[in-house]
Amino acid sequence: MKKILLLLICLLAHLAEGQKDRYTLVLHGGAGNRLTPKKLSAEKRTQYHKAMTEALEQGAAVLDTGGKAADAVVACLSVLENSPLFNAGRGSVLTWNGKVSMDASLMIGRGQRAGAVAGLSCIKNPIQAARTVEQYSRHVLLSGAGADRFAIEKGLTRVDSNYLVLPQRLKQLKSYKKRYGASESRPANSPGKMGTVGCAVRDRQGRLAAGTSTGGMMGKRHGRVGDSPLIGAGTYAHDSTVAVSCTGHGEYFIRYAIAHSLHSRMQHRGESGAAAAQHLLHETLQPGAGDGGLIGVSHTGEIIMEFNTKGMLRGYLREGAPAKTAIFKEERLE
Ligand code: ASP
């Protein structure tokens, strides 16, 4: 009897260990109040699910071959940046003067390493530029022409506005201007649907990393920088707590340092990721003012997905199981 019990304990310990060593990827493709079953066609839904699944699988492929959490974040987000469906890379929203100005950041939870870029104008994959800054620069955040130049020097693919600026974005900008009047100084409003992309990963070694990439907010003033490239606001990772990426009305995420606050609440108050995210999205950021959401993965593999809008494009993949994706509030993933 004693022997059987011992064997059982060993087996359970082994299973728990196996569980611990499995990787987890979580992503978002933006949050918004127009993400409702009524407003989103069946065709568009299918396209979103397909793109998010592909992104998760690309990230998983990196981890399957022994890649690190940060590499998986870059692989996953590159897929979404290349898709015109999202507000990042190709398909970014436009500034008041009809240009793209892309922001991205990446953080690694071990050693607090980070890289970020703001106001890129001609780089195909801003998340790769953020990774390059993290790897090869003694700085954390590069902006504007200097950031473009650094990425080009490091061999990243350069593209022109024919690739980045999509006709449907020009149309959206036109109607945005019509709706909000002719003054560029007007603050960017929170639109109905955003499309920033973000990813958080816990790899087999328990390393955490998170990244975020965006075109920002439609009609933003030239030079405006949102939360996405700001470590602590739009992105954060710490191996003892969580890796997190935010999406939403950036000005509010900056003011409340939302990404770092998630880490802080978990570390100092001992809250679960879900409880901390719930508080930040629904109490710190009042709905209607700081619209948005966040995704993350904790050091124990807890998946966090919270938003105060009607929907958030989101999904996750746990090693050994197929990817799961969702769009609307009513959809349950776990
Ligand atoms: N947070 C982004 C920004 O303010 C926008 C978004 O997430 O949709 O630039």
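See the structure above.
Treat the numbers as computed from the prediction; the structure is a model and nothing was measured. (Residues numbered from 1 in each chain as written. Predicted model: local features only at pLDDT ≥ 70, side-chain atom pairs only at ≥ 80, totals over all residues. Heavy atoms only, no water.)

Visitor: Go over the overall build of the protein with me, naming the residues and quoting the values.
Guide: When its secondary structure is counted, the protein shows 10 helices and 12 strands. Expressed as a percentage of the 334 residues in the protein, the buried residues total 54%. Restricting the contact set of the protein to residue pairs at least 6 apart, pairs at least 24 apart contribute 69%. When the accessible area of the protein is evaluated, it comes to approximately 14900 Å², of which 53% is carbon and sulfur surface. (Helix = DSSP H or I, 4+ residues; strand = E, 2+ residues; numbered from the N terminus. Buried < 20%, exposed > 50% of the residue type's maximum accessible area, 1.4 Å probe, protein only. Contact = heavy atoms within 4.5 Å. Areas by Shrake-Rupley, 256 points an atom, 1.4 Å probe, with all protein chains shown as cover.)

Visitor: Give a detailed account of the sheet that holds strand β8 (residues 242–248), specifying residues and quantitative values.
Guide: Strands sit in the order β7-β8-β9-β10 across an open sheet of four strands; the sheet is antiparallel. Either end of the sheet is taken by a strand with one partner, and the two such strands are β7 (235–237) and β10 (303–307). Looking at each pair of strands side by side, their axes are set apart by 10° on average, direction ignored. By the bridge criterion, three bridges tie β7 to β8 in an arrangement that is antiparallel. Along β8, the bridge assignment pairs Ala-237 with Ala-243. Of the strands in this sheet, β7, β8 and β9 (292–298) touch helix α9 (residues 258–269), which is tilted by about 145° from β8. Against the sheet, helix α10 (residues 273–284) engages β9 and β10, with an angle of about 15° to β10. (Pairing = 2+ DSSP bridges. Axes fitted to C-alpha atoms, helices over the stretch in contact; angles between N-to-C directions.)

Visitor: Describe in detail the packing of aromatic side chains, supporting the description with residues and values.
Guide: Scanning the model with the defined rule gives two aromatic pairs in all. Each ring, one from Trp-96 and one from Tyr-176, has its centre 6.4 Å from the other, and the planes form 75°; the classification is edge-to-face. Taken together, the residues Trp-96 in the loop between α3 (69–82) and β2 (102–108) and Tyr-176 in helix α7 (residues 167–180) connect sequence positions 80 residues apart. Judged by its relative accessible area of 12%, Trp-96 falls in the buried class. Above the ring of Tyr-163, the side-chain terminus of Arg-90 is found at 5.1 Å from the ring centroid. In this arrangement the basic side chain of Lys-177 is found over the ring face of Trp-96, its NZ or CZ atom lying 4.8 Å from the centre. (Phe/Tyr/Trp six-rings, centres within 6.5 Å; stacked < 30°, edge-to-face > 60°. Lys NZ or Arg CZ within 6 Å of the ring centre and 35° of its normal.)

Visitor: Residue-level account of the packing of α3 against helix α4 (residues 126–136), with values.
Guide: When two helices pack together, their arrangement is given by the angle between the helix axes and the distance between those axes. For the pair α3 and α4, interaxial distance at closest approach is 8 Å and the crossing angle is 155°. Viewed along their axes, α3 and α4 adopt a mutual orientation that is roughly antiparallel. Touching Ala-70, Asp-71, Val-74, Leu-77, Ser-78 and Glu-81 of α3 are Pro-126, Ile-127, Gln-128 and Arg-131, all from α4. Grouping the constituent residues of the contact of α3 with α4 by class yields five nonpolar, two polar and three charged. (Parallel < 35°, antiparallel > 145°, perpendicular 65-115°, else oblique. Nonpolar A, V, L, I, M, F, W, Y, C, P; charged D, E, K, R; others polar.)

Visitor: So what about the sheet that holds strand β12 (residues 324–328)? Which residues, and what values?
Guide: Here we have eight strands laid out as an open sheet, ordered β4-β3-β2-β6-β5-β1-β11-β12, and mixed in their pairing. Either end of the sheet is taken by a strand with one partner, and the two such strands are β4 (141–143) and β12. Neighbouring strand axes in the sheet, compared pairwise and without regard to direction, differ in orientation by 10° on average. One ladder, built from four bridges, connects strand β11 (residues 311–318) with β12; its direction is antiparallel. Residue pairing for β12: Gly-315 is matched across the bridge by Thr-325.

Visitor: Account for the pairing of strand β6 (residues 208–214), with residues named and values stated.
Guide: Across the seven residues that make up β6, a large majority, seven, are buried. Where burial is concerned, the two faces of β6 agree: the one with Leu-208, Ala-210, Thr-212 and Thr-214 and the one with Ala-209, Gly-211 and Ser-213 are both buried. Note that β2 and β6 share six bridges and pair antiparallel. Bridge pairing in β6 places Ile-108 opposite Ala-209.

Visitor: Run through unusual backbone geometry, naming residues and quoting values.
Guide: You will see that Gln-112, though not glycine, has its phi angle at about 50°, which is positive. For Gln-112, the position within the fold is in the loop between β2 and β3 (113–120). Taking relative accessible area as the criterion, Gln-112 reaches 32% and is therefore assigned partly exposed. Even without a glycine there, the phi angle at Ala-257 is positive, about 45°. If you trace the backbone, Ala-257 turns up in the loop between α8 (250–255) and α9.

Visitor: Could you give an account of the site of the ligand, naming the residues involved and the relevant values?
Guide: Close contacts around the ligand come from Met-194, Thr-196, Gly-216, Met-217, Arg-224, Gly-226, Asp-227, Ser-228, Thr-247, Gly-248 and Gly-250, and that covers them all. At 2.8 Å from an oxygen atom of the ligand is found a side-chain nitrogen or oxygen belonging to Thr-196. About the coverage of the ligand: the protein hides 100% of its 270 Å² of free accessible area. In terms of residue class, the shell around the ligand is made up of two nonpolar, seven polar and two charged. (Near = heavy atom within 4 Å. Polar contact = N/O pair within 3.5 Å; in protein donor to acceptor, adjacent residues only side chain to side chain.)

Visitor: Residue-level account of the pattern of salt bridges, with values.
Guide: Evaluation of the coordinates by the stated rule reveals 10 salt bridges. Two residues, Arg-204 and Asp-64, come together in a salt bridge whose shortest N-O distance is 3.7 Å. Of the two residues, Arg-204 sits in the loop between β5 (197–202) and β6 while Asp-64 sits in helix α2 (residues 42–64), which places them 140 residues apart along the sequence. Using a relative accessible area of 44% as the deciding quantity, one classes Asp-64 as partly exposed. In this structure, Asp-203 engages Arg-207 in a salt bridge whose closest nitrogen and oxygen atoms are separated by 2.6 Å. One salt-bridge network, in which partners are shared between bridges, spans Asp-71, Arg-113, Arg-131 and Glu-134. (Salt bridge = Lys/Arg side-chain N within 4 Å of Asp/Glu carboxyl O.)

These results come straight from atomic positions and should not be treated as a statement about function.
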